[in-house]
Amino acid sequence: MSVQSQTVTDLSKVFALPEQTQKRPKRLGDHLIEAGLATQSDISRALATQSTAHARLGEILVAQDVLSGADLLTALCQQWQTECIDLNRFRPDAALIDLYGPADCLRDGLVPVQRVGSTTLIATARPNEFARQSERLTALFGPVTMALSSEPEIGAAVTAQRGYWLAQRAVNRVEPHYSCRTMVSYRGRLLAALSLVIGLAGLIMWPLTGFTILTLWAILTLAATVALKGAALVTAIRHGTTPLPSAAANRTDVPSIGRLPVVSVLVPLFREQAVAEKLLKRLARLTYPKELLDICLVVEASDDMTRRTLAQTELPRWARVVTVPVGDIQTKPRALNYALDFCRGSIVGVWDAEDAPAADQLYHVVQRFHNSGSDLACLQGQLDFYNPRTNWLSRCFTIEYASWFRVMLPGMEKMGLTIPLGGTTLFFRREALEALGGWDAHNVTEDADLGIRLARQGYRTEMIETATLEEANCRTIPWIKQRARWLKGYALTWAVHMRAPSALWRDLGPWRFLGVQVLFLGTLSQFVLAPVLWSFWVLPLGLPHPAAAGLPSPFFWSCVGCFVAAEVINLAIGALGLSRSGRAGMSGWLPSLHLYFPLAALAAYRAFFSIFAAPFYWDKTAHGLYDEAAEPQAAAPHAPQTKRTLTPVKTDYAEPIAKASTQSLPRRVSAAGQTR
């Protein structure tokens, strides 16, 4: 007898096929009380929670530490008159998984196991939702019957069979014409390099003409960016700030929201052994109900360092590990794409490994989405640092972030411009995020790119007045490397969306199209041509400027006026940003930004070299060097707090992924990338 036929025979002995009845003899709560697994007060408390939360009763009881996961699974089997199935013993049929869809299996918490005669056995972790899927299941498989398993085991079974397919999907989720994977080819980089060489040769042959042209472009882009900053400053002052209601911190606003949804937050980790334990302590302060909190710690299969650290860390029930298999490229957006399929929430967020979000942040996010239309697809929170006074570099970085997140982005949003997203404290309606194909796995500033794609598809992004503290990168060389990655991503993002300028114009309209040009092309031009602008410092020294002879005198001195306006506006934005972030005492450091931004010019040259040499290389920034300067306030007393260490839950899909079958869709190898 073959292994397959033996498996079918064993299944037919265990399950009453094909005439298994799936009746509910009693409610789960009644069954648990009769079995002595819960008290009436436990059930009443869980039902009260369920009245304001989109969560199953069993999940709530497990989150409240009334039941273990194993006890719940046993109770559900007795309630639904079926059996638990060991998916390690009864391995699901890969062809049946393909028929339903691997990603759909993960989303719906089920997996087709085997056909037994004319009936297909389906393992599910959500028996009360099985009937909702029955029409589709029956259409695909014919007669079906149900067995129970846990979501981690179902996830492991799916990835064991279709891990490679899921990994390839993560690489190619975004449509080709929106992804830089189809743009940065070897031939394209060769042509770009050749154009650069020709330009440099022309500059050498006709230095005065070339320098004058560069000066004119530098002045033009400076004037454009000054106008954008000035308009954003005026708009931000006019609209002021919108403080979040304090009610969101203590759940008195729950009736206005209705039933709270499950919120999944992806936390990508790479070589983060120094911050893993601190991260969990920071996230434990969140006041959002733990039964509705789904923290996915996303790690790379090749990152043994972080995986070992997490294996030695006792995870709370609301946190789990999702391991991303080795692939052609290894970037943060690829990891986010892969983990997206494992999320349970209707709202999906992103935090970085070193983040310390405000305790009530998720309440504010849920309330804003609830009170807004479906066209609001993304909320961008504010970022700040918990080590702003480590050194001069951290002070300047803090001023820059205060200017960007407290003044520039709010002003641009009110002006109706497209917002380039930050890499963390982002929250999405899951449906919208999946409709866009998630993140571009090849773009090293996947956040900025996603902001443009959201706008092109008609979605809105709003700023929200909730802050996340993170660690300021305050070492010079790592700072330059990090900024180089950001500028490289800006260049790739601009190039991708401008390969069809007319389509971008139609999607965004003239006003937002112009905003994209000023923000992306203007920023890149300013950093690359910074030495050209610095050359004007010879004027106060009484020295002749090379371009003075080639420019009309009124125009030349109007350029000098533009420089003065730029300095005044930059100082005003910095002062307002510091005031709004509660750091007005740091305003004395504003003039020192003259020495800070030249570092970005060095980063720009590194960025353009990297585009030619390694366009998808993700220059990893080390975290965990500086801890929080001051502990945030303790979580509010209403929040469900864990009073003892929770039993760790097996949620790491690393081993099944390592053994993933390659019997999947035809291999599609993208352009080679580098590890982070």
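Residues numbered from 1 in each chain as written. Predicted model: local features only at pLDDT ≥ 70, side-chain atom pairs only at ≥ 80, totals over all residues. Heavy atoms only, no water.

A. Spatial organisation of the overall build of the protein chain. Within the protein chain one finds 26 helices and 11 strands. Within the protein chain, the fraction of its 676 residues that count as buried is 55%. The contacts of the protein chain with a sequence gap of at least 6 include a subset with a gap of at least 24, amounting to 81%. Of the roughly 28,400 Å² of accessible surface on the protein chain, a fraction of 59% belongs to carbon and sulfur atoms. (Helix = DSSP H or I, 4+ residues; strand = E, 2+ residues; numbered from the N terminus. Buried < 20%, exposed > 50% of the residue type's maximum accessible area, 1.4 Å probe, protein only. Contact = heavy atoms within 4.5 Å. Areas by Shrake-Rupley, 256 points an atom, 1.4 Å probe, with all protein chains shown as cover.)

B. Looking closely at the side chain of Q380. Tracing the chain through its elements places Q380 in strand β9 (residues 376–385). A relative accessible area of 0% means that Q380 is categorised as buried. For Q380, the side chain forms a polar contact with the main-chain nitrogen of G422, separated by 2.7 Å. For Q380, the contacting residues outside a window of four places in its chain are F405, L421, G422, T424, T425, L426, E462, M463 and I464. (Polar contact = N/O pair within 3.5 Å; in protein donor to acceptor, adjacent residues only side chain to side chain.)

C. Quick look at the packing of helix α19 (residues 446–456) against helix α20 (residues 476–497). Relative orientation of the contacting elements α19 and α20 amounts to 25°, with a least axis distance of 9 Å. Between α19 and α20, the crossing angle belongs to the class labelled roughly parallel. The handedness of the crossing between α19 and α20 is right-handed. For the pair α19 and α20, the contacting residues are A448, D449, I452, R453 and R456 in the first and Y490, T493 and H497 in the second. For the contact of α19 with α20, the class distribution of residues is three nonpolar, two polar and three charged. (Axes fitted to C-alpha atoms, helices over the stretch in contact; angles between N-to-C directions. Parallel < 35°, antiparallel > 145°, perpendicular 65-115°, else oblique. Left-handed = near helix turned anticlockwise from the far one by under 90°. Nonpolar A, V, L, I, M, F, W, Y, C, P; charged D, E, K, R; others polar.)

D. Quick peek at the sheet that holds strand β4 (residues 263–269). The eight strands are arranged β6-β5-β4-β7-β10-β9-β11-β8 in an open sheet whose pairing can be described as mixed. Bordering the open sheet on either side are β6 (319–324) and β8 (356–357), each of which pairs with just one other strand. Pairing between β8 and strand β11 (residues 460–470): two bridges, direction antiparallel. From the neighbouring strand, A356 faces β11, where its bridge partner is L469. Against the sheet, helix α14 (residues 304–311) makes contact with β4, β5 (293–300) and β6, and its axis sits at roughly 140° relative to β5, the strand it touches most. Across the sheet, helix α15 (residues 332–340) is in contact with β4, β5, β6 and β7 (347–350); its angle to β6 comes to roughly 120°. (Pairing = 2+ DSSP bridges.)

E. Up close: the nonpolar core. Formed by 176 residues in total, the largest nonpolar core has its most connected members in L266, I295, L297, W351, L362 and F428. Residues within four places of L297 in sequence aside, it is in contact with V267, L269, L279, L280, L310, L315, R320, V321 and V322. (Core = buried A, V, L, I, M, F, W, Y, C linked by side-chain atoms within 4.5 Å.)

F. Just the pattern of salt bridges, in detail. Overall, the coordinates contain 29 salt bridges when judged by the stated rule. Across the pair R56 and E151 runs a salt bridge, and its minimum N-O distance is 3.5 Å. Of this pair, R56 sits in the loop between α3 (40–50) and α4 (57–63) while E151 sits in helix α9 (residues 151–171), and the two are 95 residues apart along the sequence. One connected set of salt bridges, linked through shared partners, spans R56, E59, R126, E129, R132, E151, D294, R320 and R344. (Salt bridge = Lys/Arg side-chain N within 4 Å of Asp/Glu carboxyl O.)

G. Summary view of helix α5 (residues 69–80). Taking 1.5 Å of rise per residue, 12 residues should cover 16 Å, and α5 covers 16 Å from first to last C-alpha, within 8% of that figure. Every buried residue belonging to α5 is among L72, L73, A75, L76, C77, Q79 and W80, and all of these are buried. As for α5, its buried residues are in contact with α2 (28–34), α4, α8 (127–141) and β3 (144–148). With its phi angle positive at about 55°, Q81 sits one or two positions after the end of α5. (Expected span 1.5 Å × (residues − 1).)

H. Representation of unusual backbone geometry within the structure. Unusually for a residue other than glycine, D65 sits at a positive phi of about 65°. Residue position: D65 is located in the loop between α4 and α5. The exposure class assigned to D65 is partly exposed, which follows from its relative accessible area of 24%. Positive phi values are uncommon outside glycine, yet Q81 reaches one of about 55°. In this fold, Q81 is placed in the loop between α5 and α6 (94–100). Taking relative accessible area as the criterion, Q81 reaches 39% and is therefore assigned partly exposed.

I. Looking closely at the packing of α19 against helix α21 (residues 501–528). Where α19 contacts α21, the axes come no closer than 10 Å and their chain directions differ by 150°. By the angle between their directions, the pair α19 and α21 is classed as roughly antiparallel. Remark: the crossing between α19 and α21 carries right-handed chirality. On α21, the residues that touch A448, I452, A455 and R456 of α19 are A503, L504, D507, L508, R512, V516 and F520. Taken together, the residues of the contact of α19 with α21 sort by class into eight nonpolar, no polar and three charged.

J. Representation of the packing of aromatic side chains within the structure. Summed over the entire model, instances satisfying the criterion amount to 15 aromatic pairs. Ring-pair connections join several aromatic residues into one group, and the members of that group are F385, W392, F397, Y401, F405, W479, W486, Y596 and F597. For the cation-ring pair, R136 lies above Y100, with the distance from its terminal atom to the ring centre recorded as 4.0 Å. (Phe/Tyr/Trp six-rings, centres within 6.5 Å; stacked < 30°, edge-to-face > 60°. Lys NZ or Arg CZ within 6 Å of the ring centre and 35° of its normal.)

K. Quick look at the sheet that holds strand β2 (residues 119–124). Read from one edge of the open sheet, three strands run β1-β2-β3, paired in mixed fashion. A single partner strand is all that each edge strand has here, and the edge strands are β1 (110–116) and β3. Between one strand axis and the next, the sheet turns by 30° as a mean value, whatever way the strands run. As defined by bridge partners, β1 adjoins β2 across six bridges and the pair is classed as antiparallel. Bridge pairing in β2 places L110 opposite T124.

L. The arrangement of the state of the cysteines in detail. Scanning all chains against the criterion turns up zero disulfides. With no disulfide of its own, C296 lies closest to C343 among cysteine sulfurs, the gap being 4.5 Å. (Disulfide = S-S within 2.5 Å.)

M. How the structure looks around the pairing of β2. Taking burial as the measure, the six residues of β2 include six buried ones, the bulk of the element. A two-sided burial pattern is seen for β2, the buried positions comprising T119, L121 and A123 on one face and T120, I122 and T124 on the other. In textbook terms, the turn of a hairpin is the stretch between consecutive antiparallel strands, and for β1 and β2 this stretch comprises two residues, one of which, G117, has a positive phi near 70°. Bridge count between β2 and β3: five bridges; the pairing is parallel.

N. View of the confidence of the model for the protein chain. Per-residue pLDDT for the protein chain averages 83, and the proportion of residues at 70 or more is 82%. Counting interchain partners and residues more than four positions distant, the pLDDT-below-50 stretch residues 18–22 has 11 contacts. Contacts for the low-pLDDT stretch residues 629–676, under 50 throughout, to residues beyond four places or in other chains number 113 contacts. (pLDDT = per-residue confidence, 0-100.)

O. View of α19. By the criterion of burial, α19 is predominantly enclosed, with 11 of the 11 residues buried. Along α19, the residues classified as buried are E446, D447, A448, D449, L450, G451, I452, R453, L454, A455 and R456. Backbone geometry just after α19 places G458 at a positive phi near 90°.

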